[in-house]
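Overview (structure and organization)
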Amino acid sequence: MSRGILSDSDWRRPGIRRTSYGVHAVLLLLLFLVGLGPMLWLAKGALTSTQDTLRAPLALWPNGIDWANLSTAWTRVEIDKYFFNTVVLAAGSWLVQLLVATTAGYALAVLRPRYGKILTGVVLATLFVPSVVLLVPLYLTVVDPPLLKVSLINSFWAVWLPAGANAFNILLVQRFFANLPREVFEAARVDGAGPYRLFWSVVLPMSRPILGVVSVFAVIAAWKDFLWPLLVLPDPDRQPLSVRLPALQRFVELDVFLAALAISTVIPVALFLVFQRLFLKSGALGGAVKG
């Protein structure tokens with residue numbers, strides 16, 4: 001029987017039980033304020049006029065809800081265009097990262113090449129290289145790709161292709177694939193499944209939890225990325241929200257700017273709500289599929 005700080009006899013004492021419940025309630029309230037407080041205030045500020053936000057920042061709509069902020073941010077500030085750019089960048093980065101992570105993880109964990117451990121060590125070693133160190137060589141590569149001989153600046157490919165080089169996702173998927181039951185792979189090979197059929201029809205359907213986790217990581221990372229899109233997408237018409245919103249802050253009213261920020265957080269929040277069980281359940285990354 002597991003035991004916490006308080007024993008069963010302590011829980012039977014009314015004073016200790018009430019104190020414990022009170023401490024739990026205070027901690028939950030603090031977690032709520034720290035975790036959801038800024039998001040709730042942003043949602044409130046997006047529907048509040050600038051004067052009300054400056055005069056009473058914590059008051060709930062003293063002069064009513066201003067729904068026009070959302071439509072103004074969507075049309076006059078052209079948030080719709082930058083929102084579309086962000087969706088395209090996030091979708092492309094997600095696809096490239098998922099493709100590289102699943103194929104590399106499959107090759108290292110299921111196919112198991114002769115030098116697989118060395119390759120895994122090389123991939124792991126890249127995690128110890130600061131991203132700032134790679135910024136200049138990566139930018140020079142994008143400006144003059146070795147094979148294409150065409151600059152990728154102001155092209156979405158300049159964001160999509162480097163996103164695939166994510167060692168963390170590769171190792172995460174490899175670990176998951178390595179824990180899948182190999183009896184299923186052997187049975188598929190006996191039935192005549194080749195490497196491609198095994199990957200598409202057996203491994204991927206068994207790996208939906210890790211695919212969901214990698215997808216959320218990829219989309220959120222691409223959604224909030226600022227420095228790299230700023231460098232490779234100098235054209236404002238092709239920039240995402242993370243780059244354009246700071247540049248537009250000085251030209252728009254506070255209420256419209258808060259509305260634009262609220263719109264930009266819709267997709268990440270929705271993704272977390274959809275895939276929250278994959279993060280909260282430890283079995284999602286356990287890897288083994290019993291059957």
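As the structure is a prediction and not an experimental result, all values here were calculated from the model. (Residues numbered from 1 in each chain as written. Predicted model: local features only at pLDDT ≥ 70, side-chain atom pairs only at ≥ 80, totals over all residues. Heavy atoms only, no water.)

**Quick word on a nonpolar patch on the surface**
- Taken together, the side chains of Val23, Val26, Leu27, Leu29, Leu30, Phe32, Leu33, Val34, Leu36, Met39 and Leu40 present a nonpolar region at the surface, about 1000 Å² in accessible area.
- You can call Leu27 partly exposed: its relative accessible area is 46%. (Patch = residues over 30% accessible without salt bridge, like charges linked within 9 Å, V, L, I, M, F, W, Y side chains within 5 Å. Areas by Shrake-Rupley, 256 points an atom, 1.4 Å probe, with all protein chains shown as cover. Salt bridge = Lys/Arg side-chain N within 4 Å of Asp/Glu carboxyl O. Buried < 20%, exposed > 50% of the residue type's maximum accessible area, 1.4 Å probe, protein only.)

**Describing the packing of aromatic side chains**
- One pass over the structure, following the stated rule, counts six aromatic pairs.
- Relative to Phe199, the ring of Tyr106 lies with its centre 5.0 Å away and its plane at 55°, an arrangement referred to as tilted. Note that Tyr106 is positioned in helix 5 (residues 79–111) and Phe199 in helix 11 (residues 195–206), a separation of 93 residues in sequence.
- For Tyr106, a relative accessible area of 6% puts it in the buried group.
- When the centroid spacing of 5.0 Å and the interplanar angle of 80° are considered together, the rings of Trp157 and Trp160 count as edge-to-face. With Trp157 and Trp160 both in helix 8 (residues 157–163) and three residues apart, this pair spans about one turn of that helix.
- By way of ring pairs, the aromatic residues Trp74, Phe83 and Trp223 are connected into one cluster.
- The ring of Phe156 is capped by Arg238, whose NZ or CZ atom sits 4.4 Å from the centre of that ring. (Phe/Tyr/Trp six-rings, centres within 6.5 Å; stacked < 30°, edge-to-face > 60°. Helix = DSSP H or I, 4+ residues; strand = E, 2+ residues; numbered from the N terminus. Lys NZ or Arg CZ within 6 Å of the ring centre and 35° of its normal.)

**Digging into helix 5**
- Given a rise of 1.5 Å per residue, 33 residues ought to cover 48 Å, and the 46 Å separating the end C-alpha atoms of helix 5 matches this to within 8%.
- After helix 5 finishes, the residue Arg112 shows a positive phi value of roughly 50°. (Expected span 1.5 Å × (residues − 1).)

**Some remarks on the nonpolar core**
- In this structure, Ala73, Val77, Ile79, Leu241 and Leu245 are the most contacted members of the largest nonpolar core, which totals 23 residues.
- For this core, the secondary structure elements donating two or more residues are helix 2 (14–46), helix 5, helix 12 (208–224), helix 14 (241–248) and helix 15 (254–264).
- For this core, the element with the most residues is helix 15, which contributes seven residues.
- Other than its neighbours up to four places away in sequence, Ala73 contacts Glu78, Ile79, Val256, Ala259, Ala260 and Ile263.
- Membership of the second largest hydrophobic core comes to 22 residues, among which are Val173, Phe199, Val202 and Val214. (Core = buried A, V, L, I, M, F, W, Y, C linked by side-chain atoms within 4.5 Å. Contact = heavy atoms within 4.5 Å.)

**Quick look at the packing of helix 6 (residues 116–125) against helix 9 (residues 167–178)**
- Two elements in contact, helix 6 and helix 9, have axes separated by 9 Å at closest approach and are oriented at 140°. Between helix 6 and helix 9, the angle falls in the class oblique. Judged by the twist between their axes, the crossing of helix 6 over helix 9 is left-handed. Residues Thr120, Val123 and Leu124 of helix 6 form the contact with helix 9, whose own contacting residues are Ala167, Ile170, Leu171 and Gln174.
- Grouping the constituent residues of the contact of helix 6 with helix 9 by class yields five nonpolar, two polar and no charged. (Axes fitted to C-alpha atoms, helices over the stretch in contact; angles between N-to-C directions. Parallel < 35°, antiparallel > 145°, perpendicular 65-115°, else oblique. Left-handed = near helix turned anticlockwise from the far one by under 90°. Nonpolar A, V, L, I, M, F, W, Y, C, P; charged D, E, K, R; others polar.)

**A few points about the pattern of salt bridges**
- All told, the structure shown has four salt bridges when counted by the stated rule.
- A salt bridge links Glu253 to Arg76; the nearest nitrogen and oxygen atoms lie 3.0 Å apart. A residue pair is termed long-range when its members are at least 10 positions apart, and Glu253 in the loop between helix 14 and helix 15 and Arg76 in the loop between helix 4 (68–75) and helix 5 qualify at 177 residues.
- Overall, the relative accessible area of 39% leaves Glu253 in the partly exposed class.
- Put simply, Glu78 and Lys81 hold a salt bridge, and the shortest N to O gap is 3.5 Å.
- Connected through salt bridges with shared partners, the residues Glu78, Lys81 and Asp237 form a single ionic network.

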